[in-house]
Amino acid sequence: MNDTPLDYLMISGALLLSQVSGSSLGGSDCCYMVVFQYGSIVLFNVRDHEIDGYLKIVERHASGLLPEMRKDEYEVREKPTLDTWMEGGLDYIMLQYLNTDGIRTIGSVLGQSIALDYYVRQVDGMVGEFTDINREMEKTGTFTMERKKLFQLVGKANSNLADVILKLGLFERSDIAWKDAKYAQIWEYLRDEFELTQRFASLDFKLKFVEHNIRFLQEILQNRKSDFLEWLIIILIGAEILISVYDIAHKSAITSL
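Everything quoted here is computed from the prediction, not taken from an experiment.

Chemist: Which residues make up the packing of helix α2 (residues 100-140) against helix α5 (residues 181-193), and what are the values?
Modeler: Put simply, α2 and α5 touch, their axes get as near as 10 Å, and they point 20° apart. Relative to α5, α2 is oriented roughly parallel. Here α2 and α5 pass one another in a crossing that is right-handed. Listed contacts from α5 to D101, G102, T105, I106, S108, V109 and Q112 of α2 are Y183, I186, W187, L190 and R191. Along the lines of polarity and charge, the residues of the contact of α2 with α5 split into six nonpolar, four polar and two charged.

Right under this line is the structure:
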């Protein structure tokens, strides 16, 4: 591990891989931890009572913490007598053997999965906000959101999409998977297992809903501003007319004297 700070520490995204009883990683009881720059942590063969110790190690190198903890579990089994290189099952994957390349390949997909879950929840929160605004507009015919709040939602939506595409590298195959067909098979299987493509499509659809609402509300705010400026101009013109009338009347009164 280097001293480069993580963008944030997704302790809420610590994803634990447990093994079936009697199995071990690479024929040993070694523990492994994979930490990703975007914040996910994947722990292999780590017992529950040891988890906090590993997370504290990462915490020293992190720039921040998420307020809530999220955790997922997945099982990896080793079976040297397996007829094929790998075999998938319900919530587990079975391999002939598991080495560091396998750990990196599995960890990359699982790290993306738990991080994607975090971003989906962020976007779900924004969808909920706009749903409440639309219901308010349905009842009252107007809404009360301030321009600053709307711009904050614009920034949040854009940053979430950019993080998913750029930081997670969701559509970039790992180097190991490119070089070795065996690990490409693991990579593709796990991406299907965790439905990364479908979940991103759902996230993208929700972001489009948010984007549509943002444009709609921006237009309303812009129209409000235009209406305000129009009324301000009318008031100023009216004031100028009144001043002119008063000035004419005042001069006429002086002349008559």
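Chemist: Can you break down the pairing of strand β2 (residues 32-35) residue by residue, with the values?
Modeler: Two strands pair when backbone bridges link them, and β2 and strand β3 (residues 41-44) are joined in this way by four bridges, in the antiparallel orientation. Within β3, the residue paired with V34 across the bridge is V42. Counting the residues in the hairpin turn of β2 and β3 gives five residues, including G39, whose phi is positive at 120°.

Chemist: Any details on the environment of Y119? Residues and values, ideally.
Modeler: Its place among the elements puts Y119 in helix α2. It is 8.7 Å that separates the C-alpha atoms of Y119 and D163, two residues lying 44 residues apart in sequence.

Chemist: Provide a residue-level description of the nonpolar core, including the pertinent values.
Modeler: By size, the foremost hydrophobic cluster in this structure holds 53 residues, and its most contacted members are I106, I186 and L217. Elements supplying a minimum of two residues to this core: β3, β4 (71-78), β6 (92-95), α2, α3 (147-167), α4 (175-179), α5 and α6 (196-256). The element contributing the most residues to this core is α2, with 15 residues. In this structure L217 touches F130, I133, M137, F143, M145 and L150, once residues within four positions along its chain are discounted. The next biggest cluster of nonpolar side chains, apart from the first, holds six residues, and it includes I41, V46, L55 and V58.

Chemist: Account for the pattern of salt bridges, with residues named and values stated.
Modeler: Between side chains of opposite charge, a pair can form when the charged atoms approach closely. In total, this model carries seven salt bridges according to the counting rule given. For K167, the salt bridge identified is with D163, shortest N-O distance 3.7 Å. Highlighted residues: K167 and D163, both in helix α3, separated by four residues, approximately one helical turn. With relative accessibility at 35%, the residue K167 sits in the partly exposed group. Given the relative accessible area of 17%, D163 is considered buried.

Chemist: Describe in detail the packing of aromatic side chains, supporting the description with residues and values.
Modeler: Working definition: an aromatic ring pair is given by the centre-to-centre distance plus the angle between the planes. Within this structure, the stated rule accounts for five aromatic pairs. Between W85 and Y183 the ring centres are 5.7 Å apart and the planes differ by 85°, which places this aromatic pair in the edge-to-face class. Here the residue W85 occupies a position in the loop between β4 and β5 (86-89), and Y183 occupies one in helix α5, the gap between them amounting to 98 residues. Both residues of the pair, W85 and Y183, count as buried. Judged by centre distance (5.2 Å) and plane angle (70°), the rings of Y118 and Y119 are edge-to-face. A residue is classified by how much of its surface remains accessible, and Y118, at 19% relative accessible area, is buried. An aromatic cluster of three or more residues is present, and its members are W85, Y97 and Y183. The ring of W85 carries the charged tip of K182 above its face, separated from the ring centre by 4.7 Å.

Reading the values: the criteria
- Residues numbered from 1 in each chain as written.
- Predicted model: local features only at pLDDT ≥ 70, side-chain atom pairs only at ≥ 80, totals over all residues.
- Heavy atoms only, no water.
- Axes fitted to C-alpha atoms, helices over the stretch in contact; angles between N-to-C directions.
- Helix = DSSP H or I, 4+ residues; strand = E, 2+ residues; numbered from the N terminus.
- Parallel < 35°, antiparallel > 145°, perpendicular 65-115°, else oblique.
- Left-handed = near helix turned anticlockwise from the far one by under 90°.
- Contact = heavy atoms within 4.5 Å.
- Nonpolar A, V, L, I, M, F, W, Y, C, P; charged D, E, K, R; others polar.
- Pairing = 2+ DSSP bridges.
- Core = buried A, V, L, I, M, F, W, Y, C linked by side-chain atoms within 4.5 Å.
- Buried < 20%, exposed > 50% of the residue type's maximum accessible area, 1.4 Å probe, protein only.
- Salt bridge = Lys/Arg side-chain N within 4 Å of Asp/Glu carboxyl O.
- Phe/Tyr/Trp six-rings, centres within 6.5 Å; stacked < 30°, edge-to-face > 60°.
- Lys NZ or Arg CZ within 6 Å of the ring centre and 35° of its normal.

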